[in-house]
Amino acid sequence: MRTLFVPLAVMALAVPPAFSQPAAGSNPSPIRHTAAATAEPAGPLDLRSALALALRFNPGLSSASREREAGDAAVVQAGAWPNPVFEAQVEDLRRGNRTTTLQLSQPIELGGKRAARVTAAERARDQAASALLARRSELRASVITMFFELLAAQERLRLAQDSVGLAETATRTAANRVAAGKVSPLEESRARVAEAGIRVELLQAEGALRSARRQLAALWGNPNPRFTQADGALDRLPADAAAADVEGRLSAAPVLRQARLEVERRQALSDLEQARRVPDVTVSLGAKRVPADEGMGSSRNQVVVGLSVPLPIFDTNRGNVAEALSREEKARDELAAAELQLGADAARATERLRSARATALTLQRDALPGAEAAYKAAARGFELGKFSFLEALDAQRTLFQVRNQHLLAVAEAHRAAAELDRLLGIGADEETPDAALAVR
């Protein structure tokens, strides 16, 4: 009896190594917020620092990283062998007739089930890794977009402050001319109404600036931003996207990479369901102790060997196979749809970038100098009495509108460039933002 169980104990040693798990109950959110607030500079903030903060402290990026770690654990679990089963059976509780059977059974998977299961888990892990890269690219695009939105909000506030200063000058000039009896008091009233409207625009610009600061700081999990202002050149337009470069990068886009991995995962799941149609066998080895027969002085031991094979008569796994094949075809259709949608989105973002660049350059080259010259001439002529207040006010409003249009065009160009980078996955593999800023 004792020598029989030595090889059974050796069989029980074939178990996979334990996979390390993180401690349960941990909640790093308060620590993360404190660390993000501490790492954020208290002075000006440039784009490189904003990207570094977001890549380090963004909760969504951390969540995607945890999913990738979970995929690694799933691959380990998918490769585990079935556990052996130990059985003990006693027949007839009377001592003289008692029969004791000890048996160890080991299920053996056939048909390539384990290999197909591991392949499916590996594809799911690859999807998690690809989702992490996609999330990194999305975060990079969001930081760039919000950073230039903040720069635009700062510039709009500066323009609003300049407009308030111009309106105050126009009001004082109108008041002086009314006091001198050169114009009607209606001119001063109009000037004060215009100044009040511009002050309202100033309040709106201040609110938009505060909102833009909070939205940018929220990307690295800090609800109360510490930085004082964004430090960057808003008038530096992003480079135009060449159609050939965009076309060459489409095949490696995150959305297509995800769709292709989904096709491979579904194919592996189809192979797994096909393999499950092959029944597994269970091999048993044990010992049976039987009582002594009449005429024999002692009980004896017998070796028990068994083989168990289920008969696939009622359940042939046909439904699961059909479902897996249909979902595999669905994944292929979704890949084709993603290719078409990506091409359309990339073309739209490219056209938006091209149009915004052209608009900004045209306004900067033609409209802005003319509007500034017209306003200076109108303001000087109003002081000398050559122009009416309405003419000076119209020139001031035109200058403000042209400046605001230029700001909107520049912000739209940066927004379109960031969207194109997100679609193409540019910067997804970069741990640091240095290479990501090479084109800006």
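Residues numbered from 1 in each chain as written. Predicted model: local features only at pLDDT ≥ 70, side-chain atom pairs only at ≥ 80, totals over all residues. Heavy atoms only, no water.

### Observations concerning the sheet that holds strand β6 (residues 300-308)
Thought 1: Taken in spatial order, the four strands make up an open sheet running β2-β3-β5-β6, and their pairing is antiparallel. Among the strands making up the open sheet, the edge pair consists of β2 (85-91) and β6. Between one strand axis and the next, the sheet turns through 20° on average, direction left out of account.
Thought 2: The pairing of strand β5 (residues 281-290) with β6 spans nine bridges and is classified as antiparallel. Each residue of the ladder has a partner; that of L285, found in β6, is V305. (Pairing = 2+ DSSP bridges. Helix = DSSP H or I, 4+ residues; strand = E, 2+ residues; numbered from the N terminus. Axes fitted to C-alpha atoms, helices over the stretch in contact; angles between N-to-C directions.)

### Notes on the packing of aromatic side chains
The description of an aromatic ring pair uses the distance of the two centres, along with the angle that the planes make with each other.
Thought 1: According to the stated counting rule, one finds two aromatic pairs in the structure shown.
Thought 2: Summarising the aromatic geometry, the rings of F147 and F148 are spaced 5.9 Å apart at their centres and angled 85° between planes, so their arrangement reads as edge-to-face.
Thought 3: For F147, a relative accessible area of 1% translates into the label buried.
Thought 4: Overall, F148 belongs to the buried group, its relative accessible area being 7%.
Thought 5: The side chain of R213 reaches across the aromatic face of F227, ending 4.9 Å from its centre. (Phe/Tyr/Trp six-rings, centres within 6.5 Å; stacked < 30°, edge-to-face > 60°. Buried < 20%, exposed > 50% of the residue type's maximum accessible area, 1.4 Å probe, protein only. Lys NZ or Arg CZ within 6 Å of the ring centre and 35° of its normal.)

### As for helix α5 (residues 113-179)
Along an α-helix, residues three or four apart share an orientation, since each turn contains 3.6 residues.
Thought 1: Here α5 is 67 residues long and its end C-alpha atoms lie 97 Å apart, about the 99 Å a rise of 1.5 Å per residue gives.
Thought 2: Taken from the residues just after α5, G181 is the one with a positive phi, measuring 75°. (Expected span 1.5 Å × (residues − 1).)

### Description of the nonpolar core
Thought 1: In this structure, V143, L216 and W220 are the most contacted members of the largest nonpolar core, which totals 67 residues.
Thought 2: Of all the secondary-structure elements, those providing two or more residues to this core are α3 (47-57), α4 (59-78), α5, α6 (185-218), α8 (254-275), α9 (318-384) and α10 (389-424).
Thought 3: Beyond its immediate chain neighbours, meaning those up to four positions away, V143 contacts L47, A50, L51, A54, L216 and L219.
Thought 4: Grouped together as the second largest cluster of nonpolar side chains are seven residues, Y375, A378, A395 and L399 included. (Core = buried A, V, L, I, M, F, W, Y, C linked by side-chain atoms within 4.5 Å. Contact = heavy atoms within 4.5 Å.)

### Some points on the environment of Y375
Thought 1: By the secondary structure assignment, Y375 is in helix α9.
Thought 2: In this structure, the C-alpha to C-alpha distance between Y375 and F400, residues 25 residues apart in sequence, is 9.9 Å.
Thought 3: Leaving out residues up to four positions away in the same chain, Y375 has contacts with L166, A392, A395, Q396 and L399.

### Quick look at unusual backbone geometry
Thought 1: The phi torsion at N317 lies on the positive side, around 60°, for a residue other than glycine.
Thought 2: By the secondary structure assignment, N317 is in the loop between β6 and α9.

### Here's the deal with empty space enclosed by the protein
Thought 1: Per the stated rule, a full pass over the model turns up two cavities of 30 Å³ or more.
Thought 2: Its boundaries defined by the atoms lining it, the second largest cavity holds a volume of some 40 Å³.
Thought 3: In terms of lining, the second largest cavity is formed by L159, S163, L166, Q396, L399, F400 and R403.
Thought 4: Those elements that provide at least two residues to the lining of the second largest cavity are α5 and α10.
Thought 5: Considering each element in turn, the lining of the second largest cavity owes the most residues, four residues, to α10. (1 Å grid on protein atoms, 1.4 Å probe; cavity = no way out; pocket = protein on both sides within 12 Å on 5 of 7 lines; lining within 4 Å. Points joined across faces, edges and corners; volume = space filled by probe spheres on them.)

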